[in-house]
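# Structure assessment
What follows is the residue order along each chain.
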Amino acid sequence: MKKARDLLKPTRRAFLSLARPPSPSPTAVPLPPQMDPSERYCYNPRLQWNPEVEDYFIKAYGADNFSRISHALTRPSTYSCIRVNTLKTTTDAVVQKLKAIMKETGFEDCTMAEDGPNDNPTNELEDSLQNSPIAKCQIPGLEYVLFVKGSGPHSIDYGVAPGAPPKEVIVSRKCAEAVLRGAQVFVPGVMACSAHVEKGDAVAVSVAIEQHGPDGGWAIGMTRGTVLQGLQTDPYYSERYGLYIGQGITKMSRAGIFRVSEGIAVDMNNRVFKLPSFHDVLEGEIFLQNLPSIVAAHALDPQKGERILDMCAAPGGKTTAIAILMKDEGEIVAADRSHNKVLDIQKLAAEMSLTCITTYKLDALKAVRRRNESNDNVTVQSSEPLRFHEEKTFSTVQVLNPEKVRNEIVSNEKENERTYVSKADIRKSNRRMRNGPGRNQCLGGRVENSKGFDPDSFDRVLLDAPCSALGLRPRLFAGEETVGSLRNHAKYQRRMFDQAVKLVRPGGVIVYSTCTINPGENEALVRYALDTYKFLSLAQQHPRIGGPGLIGGYEFPDGYVEEWLRPGEEELVQRFDPSSPLDTIGFFIAKFVVGPKNI
C-alpha cells in the first residue's frame, strides 16, 4: 500500500503544483452587496448542507477535515483521467494522438503557460511534465491510464466598470457543474440573460444555486428567460456573489437562446478551471473515467474465462474496464433497470469492439431468479456472448414527414367518425418530429429483458450501487439530502447486496463501491455484510492507493445507532477523500471473498 502511494506521489505533485487559495469555511456568510466588484465577480462558492447532515459528517470526519472536503467538492479535479483501450491501441499511440489534438486546439499552450517552468524538478516524471501536459500513471498495473493536466482556479477580468456591469448569462446549477468540467454552455442550461445581448457579445457566466424556500423545498426561484439588468433588483443578485464560472462569447442572440431548443449558447473561451474536453475524441480508443472507478475494476481482479456480473452497469465504464482486463475472454453480464441506459452500455461496448459483454434490462433488486418460475418465463442465461451489430442496433433514425402524419391522422378520422383528432394533436405531432425522434421512433436498439439469474451462477459480482453521489465533483448544491434520505439510500443498497451474495458462488468475489462520502452507505454496509453473512470476509485490494475506512459509529437523535468498521478492518477498504492530495472524487471500495455458504 505504501509503495503504491509513493509511486503516485510524483504524479500528484506535478498536477497539484498550481497554487491554490486558502480553503474557506463551508459555513462562511454571504458577501455583502457593497463589497468590491473583484470579490463579487469571482469563483468562491460554499456548499450548503442540511444542519443534521452536517453534524453527522463532522462527527465522522472532524470539523476541519469536513470543511476541507466541502471546499474540495466545489472544485473539479485539476486533471482528467483517461483509460486507454489496450485491445485496440497502445498507450504510447494515444499519447501522441492526444498531444497532436491538444496542440491543434491550443490547449497545450494554455496549460503550459499557466504552470510556468520548474527550476527544481525532483525527478524525471516531474521534469517531463514541464514540457507536456500528459503523463502515464506510475502505479504498477495502471500504466494504461493517462493523466491530462488542467489548471485553475483562475482570476478573470470581466470588464467591470463603475455603473456599467458586464452583460451576463445565468445558467442552471447542473449546467455550471458541466462547464466547470470543460463543457460549453448549451441552450437548455441558460436560465436568464441580460437585455440586448447579441450574437458575438462577451458575457460573464454565473450560476443560480437552489435556495431554501418557505415551503421547505429547494428552488432557484427564477423563471427561465428572466431579463437581467446587472442591478441589485435582479433575482438572486446577492446569492451570485462568488459564483462566476467564466467568460464566453454568445453564439446566438438573447432572443435566439430562448427560442430554440438546442445548440451552444455561449462558447466558454475564458474559464475559471481549464480542463480539456474529450467529447467525440478518439472514440473506442479512450474512455474518460475517474481514477477510483478504474481501481474498483482492478479490485475485482477478473480472470479470463470467468462469468462476471455488473449489477448496476450503466453507463458501462466499469463494465468495459473489466472486459479489457479479461482480454475480452469470458462473459460479463451487464444489467441495468433502464432501457436507455442498457442501450448506452451496448453502444460503448460496440465502440470499443468488445464482444464478451451481454446486456440485460433488469432491476438489481430482482437479480436472483425465483426457483418456482418455469424456464419458459426466464431469459436464457447463455454463456455465448451477445454480438453487437451496428447496422441493426444503431441504425439511422426514420424521420417521419409531418405532412404525411397529418394526412394519415385526417384519413383515420374519416374512416372512423367516432375518432376526433384536434389541431393541438396535429401540432404536437409536428413538434415531436421537429424536436427529434423519441425511443419509439428509432429502429433497432433492442434490449433483452431478464427474469434474473440462478444462485451461485457467477464467479465475481461488481455492485457499484446507486447512491447519494455526494463524492462527485464539482458539486455546488447538497442541501436536498437529509439524514432520512441518506438512511434510505443505505437500506436500498443492503437489499441489492443481499442479491449479490446469493448470486456469487462459494470461492467467488464481491466488490462493492459507491461515489459518496456518506459512511452509512459505505462503512455501515460493510458492517452489515460481515455481521449478516458469516461466510464473507474482507480481502486485500490491489492496487491500494486510497485511504483507510472510518472506525466507530454514530448515534442519531432518534436513537438509531449506525455501526461502521472495527479496528483492524479500516486498512482492508479504500476510501478516496476528495480533499486528499490524490485530488479524486469521493469514492469507496470494499472487496469480499465468499467462503462456504453452508456453514
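Residue positions within a chain follow its written sequence, with the count starting from 1. Selection of residues for local features in this predicted model requires a pLDDT of at least 70, selection of side-chain atom pairs for listing and counting requires 80 or more, and totals for whole chains, interfaces and linings are taken over all residues. Only hydrogens and water are removed before side-chain values are computed, so all heavy atoms of the structure are retained for them.

For the protein, the name recorded in an unreviewed UniProt entry is SAM-dependent MTase RsmB/NOP-type domain-containing protein, with Manihot esculenta as its organism. UniProt positions are given in the numbering used here, feature names are shortened, and annotations may be inferred rather than shown by experiment. The Sequence similarities (unreviewed entry) comment attached to the protein in UniProt states, word for word, "Belongs to the class I-like SAM-binding methyltransferase superfamily. RsmB/NOP family."

Note on terminology: a nonpolar core comprises buried Ala, Val, Leu, Ile, Met, Phe, Trp, Tyr and Cys residues joined through side-chain atoms within 4.5 Å. The cut-offs for exposure are 20% and 50% of the maximum accessible area for each residue type, with area from a 1.4 Å probe on protein chains only; residues under the lower value are buried, those over the upper are exposed, and the others partly exposed. Residues L142, V145, L291, I322, I357 and I589 are the most contacted members of the largest nonpolar core, which totals 44 residues. Only DSSP runs of H or I with at least four residues qualify as helices, and only runs of E with at least two residues qualify as strands; both kinds are numbered from the N terminus onward. Mapped by element, the contributors of at least two residues to this core are β1 (79–84), β3 (145–149), α10 (291–300), α11 (317–325), β15 (331–336), α12 (339–351), β18 (504–514) and β23 (587–594). If one sorts the elements of this core by residue count, α10 sits on top with seven residues. Residue contacts are defined here by distance: any two heavy atoms, one from each residue, within 4.5 Å place the two residues in contact. Once you skip the residues sitting within four places of it in the chain, I589 turns out to touch P292, V295, A296, A299, V511, Y512, S513, Q541, V573, Q574 and F576. Judged by nonpolar contacts, the second largest core, of 40 residues, contains M311, V368, M496 and A500.

So, about the environment of M191. One can find M191 in strand β6 (residues 190–194). Accessibility expressed as a relative area gives 13% for M191, which makes it buried. When the C-alpha positions of M191 and V227 are compared, they lie 9.6 Å apart, and in sequence the two are 36 residues distant.

We now examine the pattern of salt bridges. By definition, a salt bridge exists where a carboxyl oxygen of Asp or Glu is found within 4 Å of a side-chain nitrogen of Lys or Arg. Scanning the entire structure with this criterion turns up 21 salt bridges. Between D454 and R369 there is a salt bridge; the shortest N-O distance is 2.2 Å. Residue D454 is located in the loop between α15 (423–435) and β17 (458–464), and its partner R369 is located in the loop between β16 (357–361) and α13 (390–393); the two are separated by 85 residues in the primary sequence. Residue class for R369 comes out buried when judged on its relative accessible area of 16%. Across the pair E523 and R575 runs a salt bridge whose closest N-O atoms are separated by 2.6 Å. Taken together, the residues E523 in helix α17 (residues 523–532) and R575 in strand β22 (residues 573–576) connect sequence positions 52 residues apart. According to the relative accessible area criterion, R575 is buried, its value standing at 7%. Residues joined in a network through salt bridges with shared partners are R527, D531, E563, R566 and E569.

Per-residue pLDDT for the protein has a mean of 82; in total, 77% of the residues score no lower than 70. The predictor reports its confidence for every residue as pLDDT, a score running from 0 up to 100. Segment residues 10–33 is flagged for pLDDT under 50; beyond a separation of four residues in sequence, or across chains, it makes 52 contacts in the model.

Most of α11 sits inside the fold, with eight of its nine residues counted as buried. Every buried residue of α11 is accounted for by G317, K318, T319, T320, A321, I322, A323 and I324. Just downstream of α11 lies K327, where phi reads positive at about 60°.

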